[in-house]
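# Fold and geometry: a report
So the chains spell out like this:
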Amino acid sequence: MADADLTSPLLSPDHIVLTVNSSVAHSADGNPYRSLGCDDELLVPPPATLDPFRNGTPTVAGLYEWTKTVLCLPVALLRLVLFGLCLAVGYVATKVALEGWKDKENPMPKWRCRVMWITRMCGRCILFSFGYQWIKRKGKPAPREIAPIIVSNHVSYIEPIFYFYELFPTIVASESHDSIPFVGTIIRAMQVIYVNRFLPSSRRQAIREIKRRASCDKFPRVLLFPEGTTTNGRNLISFQLGAFIPGYPIQPVIVRYPHVHFDQSWGNVSLGKLMFRMFTQFHNFFEIEYLPVVYPLDDKETAVHFRERTSRALATALNGVQTGHSYGDTMLCLKAQEAKQENPSSYMVEVTKFEALFHVSSMEVVDFLDKFLAMNPDPSGRVQYHDFLRVLRLKACPLSAKIFSFIDVEKCGTITFRQFLYGSAHVMSQPGFHQACEEAFAGCGGAVRPYIVEQELRDFIQPVIISWNADEVNELFMLFDTDDDGRVDKNDFVSCLRRNPLIIAFFTPQPKQKEFEGNGVIEVV
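Now for a description of the structure that goes with this document. What you see is a predicted model; the values in this text were computed from it and never measured.

Pairing of strand β4 (residues 170-174) with strand β6 (residues 222-224) involves two bridges; the strand directions are parallel. In the sheet register, isoleucine 171 faces β6, and the bridge partner there is leucine 223. A crossover connection joins β4 to the parallel strand β5 (residues 193-195) through helix α5 (residues 183-189); in handedness this β-α-β unit is right-handed.

What follows is the structure, encoded as structure tokens:
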């Protein structure tokens, strides 16, 4: 062998051959999102221990309750008749009060308000039929001139009826309430402010209308339930900002339903069952407490800080805590319940906190749940690797395994919705994600034309994952081509990656390595 110069490298600097154990060849870099700036380890917080929506007595249980239910059946029938009669009389009186009234932008004329007193008294009789023979009050409502806005926690359908009787306020309600038989007509008489919580334009318009009506003493005070949905009344969930943006003094109000055997919160109980349980009780307890008015500190106080001070006053009076849950969590829980999951509440992620952390909307969170449920989770809520690949249109390969392992923080071979959601949102929130989407589209042919076709995606993907065949690439292309026209423009491409952020790993630089199964050799270039 010729003598080697001591200064000569033993190996060429651009070509190194290493012999290693083939079982660890795939773990050269287990983080497929390093180029985006992701940390090596995904942090998924544990589920919240509180469920603010769970009803404590969803069914009739115990000898006492069964005996009371049977004894109250004749009384329940009489109460049902009273309820129907009061609803009918109130509906007729409301129709009379609304007849010929076209100017809905201005306050209701006084004579029409006097007619509505009939409906308000019918509302009190309806409360009586539900077992609320007396109602305990603490404090007094502040004059409308001092506090034009009232905010209250929301537990059941009972407190809106009470507020209608006691205060006859203007309420802010979902547009869907208008179509409820009988009730929709009565709500319209309250000069309701309709809002679509999923449309930013509708929310902005509702805030303008709240401010307009709060500024005019001729309008009734404005009542809002800032939680946006009902809870079990033991804690508060996150408040929406609508009541606090106008910057007017607000009177917080707490409602309570003390009970031993029957939890009157709407929670996860159907309306029919809840009404039946109320009809078959000797008496249902209802308490209301008017708290001191909360004033804005000054013109520079933000709506967020004003909201925090008000919610703190309510939570203190309630002797509870405020969680990060929102209406979005009820949507998640309902979808999981429809999918026959053993523990639907485990799918709640405290959407408000999640939105603030990753800047992802509640509707996007719901879309992620739809995708996860399509992966056919078992009753305990866990998804297998092959179902994960099936829904994302991926093939089993080393990179797919890295993606699954990245979100499988427990390393047990299955993933939960919380892990899938946090992993997807974590990748999507990286500063390099949007640029990676742009570069991926350009690399697939978008730099030449405003769209890409399947052949261009195949030419881009197959050098990265050599083992993919044409049919498997076609499956991935169909994920992008939602309208099935054989073309994917830039907006559709980026939107698809936002809906499926985990697959961005196939379009970002990965460590280049050639893997040879069986011989334990990796050639690194």
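More follows now that the structure is in view.
What follows deals with the pattern of salt bridges. Applying the stated criterion to the full structure yields 21 salt bridges. A salt bridge links glutamate 454 to arginine 458, with the nearest nitrogen and oxygen atoms 3.1 Å apart. A residue pair is termed a helical-turn pair when its members lie 3 or 4 positions apart in one helix, as glutamate 454 and arginine 458 do in helix α16 (residues 454-461) at four residues.

Turning next to the packing of aromatic side chains. Per the stated rule, a full pass over the model turns up 33 aromatic pairs. Ring geometry for phenylalanine 460 against phenylalanine 507: centres 5.8 Å apart, planes inclined by 20°, an arrangement best described as stacked. A residue pair is termed long-range when its members are at least 10 positions apart, and phenylalanine 460 in helix α16 and phenylalanine 507 in the loop between α18 (490-499) and β13 (513-516) qualify at 47 residues. On the accessibility criterion, phenylalanine 460 (22% relative accessible area) is partly exposed. Residue classification places phenylalanine 507 among the buried residues on the basis of a relative accessible area of 7%. Seen in terms of ring centroids, phenylalanine 493 and phenylalanine 507 are 5.7 Å apart; in terms of plane orientation they differ by 80°. Their pairing is edge-to-face. Note that phenylalanine 493 is positioned in helix α18 and phenylalanine 507 in the loop between α18 and β13, a separation of 14 residues in sequence. A single burial state applies to phenylalanine 493 and to phenylalanine 507, both of which are buried. An aromatic cluster of at least three residues, connected via ring pairs, comprises Tyr132, Phe162, Tyr163, Phe225, Tyr257 and Phe286. If you follow arginine 197 out to its NZ or CZ, it ends over the ring of tyrosine 327, 3.8 Å from the centre. A cation over a ring is seen here: arginine 487 above tyrosine 451, with NZ or CZ 4.2 Å from the ring centre.

On the surface, Asp483, Asp484, Asp485 and Asp489 cluster together into a patch of negative charge. In this fold, aspartate 489 is placed in strand β12 (residues 488-489). Assessed through its relative accessible area of 33%, aspartate 489 is described here as partly exposed.

We now examine the state of the cysteines. A full pass over the atoms with the stated rule returns zero disulfides. With no disulfide of its own, cysteine 38 lies closest to cysteine 437 among cysteine sulfurs, the gap being 12 Å. With a relative accessible area of 5%, cysteine 38 lands in the buried category.

This next bit is on the nonpolar core. Among the nonpolar cores identified, the biggest contains 66 residues, and Tyr33, Phe388, Ile504, Phe506 and Phe507 are the most heavily contacted of them. Of all the elements, helix α14 (residues 417-428) adds the most residues to this core, at seven residues. Three or more residues apiece are contributed to this core by two domains, here domain 2 (328-429) and domain 3 (430-506). In this structure, phenylalanine 388 is in contact with Met375, Val383, Ile403, Phe404, Ile407, Ile415, Phe420 and Leu502, ignoring residues within four places of it in sequence. Core analysis: the next-biggest nonpolar cluster, separate from the first, contains 46 residues, Met108, Tyr163, Ile171 and Ile288 among them.

Turning to helix α8 (residues 303-318), a few remarks are in order. The first and last C-alpha atoms of α8 sit 22 Å apart over 16 residues, in line with the 22 Å expected at 1.5 Å per residue. Residues of α8 that are buried: Ala303, Phe306, Arg309, Thr310, Ser311, Leu314, Ala315 and Leu318. Elements in contact with the buried residues of α8: β3 (149-152) and β7 (250-256). Following α8 by one or two positions, asparagine 319 adopts a phi angle in the positive range, close to 60°.

What follows deals with the side chain of arginine 144. Mapped onto the secondary structure, arginine 144 falls in the loop between β2 (136-138) and β3. The exposure class assigned to arginine 144 is buried, which follows from its relative accessible area of 8%.

Moving on: the sheet that holds β6. Within a sheet, adjacent strands bond to each other through the backbone by hydrogen bonds, running parallel or antiparallel. Ordered in space as β2-β8-β7-β3-β6-β4-β5, the seven strands form an open sheet in which the pairing is mixed. Both edges of this open sheet fall to β2 and β5, since each of them pairs with a single strand only. On average, each strand axis in the sheet is tilted by 25° relative to the strand beside it, whichever way the strands run. Pairing between β7 and strand β8 (residues 287-290): four bridges, direction antiparallel. By the bridge assignment, arginine 256 is partnered in β8 with glutamate 287. Lying on the sheet, helix α4 (residues 158-166) is in contact with β2, β3, β6, β7 and β8; it crosses β8 at an angle near 60°. Sheet strands in contact with helix α6 (residues 200-214) are β3, β4, β5 and β6, and its direction is about 160° off that of β5.

Analysis parameters
Residues numbered from 1 in each chain as written. Predicted model: local features only at pLDDT ≥ 70, side-chain atom pairs only at ≥ 80, totals over all residues. Heavy atoms only, no water. Pairing = 2+ DSSP bridges. Helix = DSSP H or I, 4+ residues; strand = E, 2+ residues; numbered from the N terminus. Right-handed = clockwise from strand over helix to strand, strands pointing away. Salt bridge = Lys/Arg side-chain N within 4 Å of Asp/Glu carboxyl O. Phe/Tyr/Trp six-rings, centres within 6.5 Å; stacked < 30°, edge-to-face > 60°. Buried < 20%, exposed > 50% of the residue type's maximum accessible area, 1.4 Å probe, protein only. Lys NZ or Arg CZ within 6 Å of the ring centre and 35° of its normal. Patch = residues over 30% accessible without salt bridge, like charges linked within 9 Å, V, L, I, M, F, W, Y side chains within 5 Å. Areas by Shrake-Rupley, 256 points an atom, 1.4 Å probe, with all protein chains shown as cover. Lys, Arg positive; Asp, Glu negative; His and termini not counted. Charge placed at Lys NZ, Arg CZ, Asp CG, Glu CD. Disulfide = S-S within 2.5 Å. Core = buried A, V, L, I, M, F, W, Y, C linked by side-chain atoms within 4.5 Å. Domains from an automatic or database assignment. Contact = heavy atoms within 4.5 Å. Expected span 1.5 Å × (residues − 1). Axes fitted to C-alpha atoms, helices over the stretch in contact; angles between N-to-C directions.

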